[in-house]
Amino acid sequence: MDLGSSAASAAYQNSSTSLLSGGFNFDISGILTDALNIVSQSLKIPVIIILLLFAIFAVITLGRLLSQFISRKKVPVKLIKEMIYDISCSESVDNIKNIVNNASIEKSQKIVLCEIADSKSLGKKSREALARKLIEDEEDRIEQDLQRTDIVTRISPTIGLMGTLIPMGPGLAALGSGDVTTLAAAIIVAFDTTVIGIGAGAVAYFASKIRRRWYEQYLSNLDALSDAILDRLNDN
């Protein structure tokens, strides 16, 4: 009697423990799933806001690109060649600065070149270090300008994909219960976010490619003219 009762009691305890363990695991799984769903759905509004900001940024970028295209000075190679020859034949710093200021180049280039021309009192290495530093500052300014469009180019499609997937979960769940209206609303949001994300990324990519080519020409001309000024100053 005692042995049979003990065995039955142990079997009952083991079965109770396994049932509790299974129920506990099931509850943890449900909690984690609910937490993931809450986090995912809580990102819906921030994602839409970010995409709207990207759309505004794309419009501003297009306007700025058009403005730069209109105001940009197209500097032919012939002009740079003539400036280099004129600088090499110049007799003084003031003559070099007059050549630079009267040339049809960007104002920011004129500022850098005039600062290099004014460094005649420095030694050769110091003068070259100053010129290198001024050009590096121009490169940093250009890189910061291009960095914004590069970031939007990479991130915007990803945010658009998030905006596509987030509303589809509740939409498919609504379809299972026969709620077609909720599914249609979710699909509209998904398509809109996809279009905005890809569109903003495409505009940013286009603007970045065009402006990068302009800036490369800008820095190439600046390097050539600064080297001509340094050679002339070093000869003196």
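Treat the numbers as computed from the prediction; the structure is a model and nothing was measured.

## So, the overall build of the protein chain
- Scanning the protein chain for helices and strands turns up seven helices and zero strands.
- Going from N to C terminus, the protein chain has its helices and strands arranged as α-α-α-α-α-α-α.
- With 236 residues in all, the protein chain has 31% of them scored as buried.
- Within the protein chain, contacts between residues separated by at least 24 positions form 79% of all contacts whose residues are at least 6 apart in sequence.
- Total accessible area computed for the protein chain in this model is approximately 14900 Å², and 64% of it derives from carbon and sulfur atoms.

## Regarding the confidence of the model for the protein chain
- Of the residues in the protein chain, 88% reach a pLDDT of 70 or more, and the chain-wide mean stands at 83.
- Helix H1 (residues 2–42) is the least confidently modelled element of the protein chain, averaging 58 in pLDDT, while helix H2 (residues 44–71) averages 91, the highest of any element.
- The low-confidence segment residues 1–25 (pLDDT under 50) makes zero contacts with residues lying over four places distant or belonging to another chain.

## Concerning helix H5 (residues 107–117)
- The complete set of buried residues in H5 reads Gln109, Lys110, Val112, Leu113, Cys114, Ile116 and Ala117.
- If you follow the buried residues of H5, they end up packed against helix H4 (93–102), helix H6 (124–176) and helix H7 (180–235).

## Observations regarding the packing of H5 against H6
- At a minimum axis distance of 9 Å, the contact between H5 and H6 shows a crossing angle of 160 degrees. As the angle between them shows, H5 and H6 are arranged roughly antiparallel. By crossing handedness, the relation of H5 to H6 is classed as right-handed. Contacts from Ser108, Val112, Glu115 and Ile116 of H5 reach H6 at Leu130, Ala131, Leu134, Glu138 and Arg141.
- Of the residues contributing to the contact of H5 with H6, the split by class is five nonpolar, one polar and three charged.

## Observations concerning the nonpolar core
- With 30 residues, the main nonpolar core has Ile87, Ile105, Leu113, Ile116, Leu225 and Ile229 as its most contacted residues.
- When residues of this core are traced back to their parent elements, those giving at least two are helix H3 (77–88), H4, H5, H6 and H7.
- Dropping the residues within four chain positions of it, Ile105 is found in contact with Lys73, Val75, Leu79, Met83, Val100, Lys110, Leu113 and Leu225.

## So, the side chain of Arg127
- You can see Arg127 is positioned in helix H6.
- Here Arg127 is buried and forms no salt bridge, its nearest opposite-charge partner Glu128 lying at an N-O distance of 7.1 Å.
- Reaching out from Arg127, the side chain makes a polar contact with the side chain of Asn234 at a distance of 2.7 Å.
- Excluding residues that lie within four positions of it along the chain, Arg127 makes contacts with Ser119, Lys120, Leu122, Leu230, Leu233 and Asn234.

## What to know about the packing of H4 against H7
- Across the interface, H4 lies against H7 with an axial gap of 11 Å and an inter-helix angle of 170 degrees. Considering their axes alone, H4 and H7 lie roughly antiparallel with respect to each other. At the point where H4 passes H7, the crossing takes the right-handed sense. Of the residues in H7, those in contact with Val93, Ile96 and Val100 of H4 are Ile229, Arg232 and Leu233.
- Taken together, the residues of the contact of H4 with H7 break down into five nonpolar, no polar and one charged.

How each quantity is defined
- Residues numbered from 1 in each chain as written.
- Predicted model: local features only at pLDDT ≥ 70, side-chain atom pairs only at ≥ 80, totals over all residues.
- Heavy atoms only, no water.
- Helix = DSSP H or I, 4+ residues; strand = E, 2+ residues; numbered from the N terminus.
- Buried < 20%, exposed > 50% of the residue type's maximum accessible area, 1.4 Å probe, protein only.
- Contact = heavy atoms within 4.5 Å.
- Areas by Shrake-Rupley, 256 points an atom, 1.4 Å probe, with all protein chains shown as cover.
- pLDDT = per-residue confidence, 0-100.
- Axes fitted to C-alpha atoms, helices over the stretch in contact; angles between N-to-C directions.
- Parallel < 35°, antiparallel > 145°, perpendicular 65-115°, else oblique.
- Left-handed = near helix turned anticlockwise from the far one by under 90°.
- Nonpolar A, V, L, I, M, F, W, Y, C, P; charged D, E, K, R; others polar.
- Core = buried A, V, L, I, M, F, W, Y, C linked by side-chain atoms within 4.5 Å.
- Lys, Arg positive; Asp, Glu negative; His and termini not counted.
- Salt bridge = Lys/Arg side-chain N within 4 Å of Asp/Glu carboxyl O.
- Polar contact = N/O pair within 3.5 Å; in protein donor to acceptor, adjacent residues only side chain to side chain.

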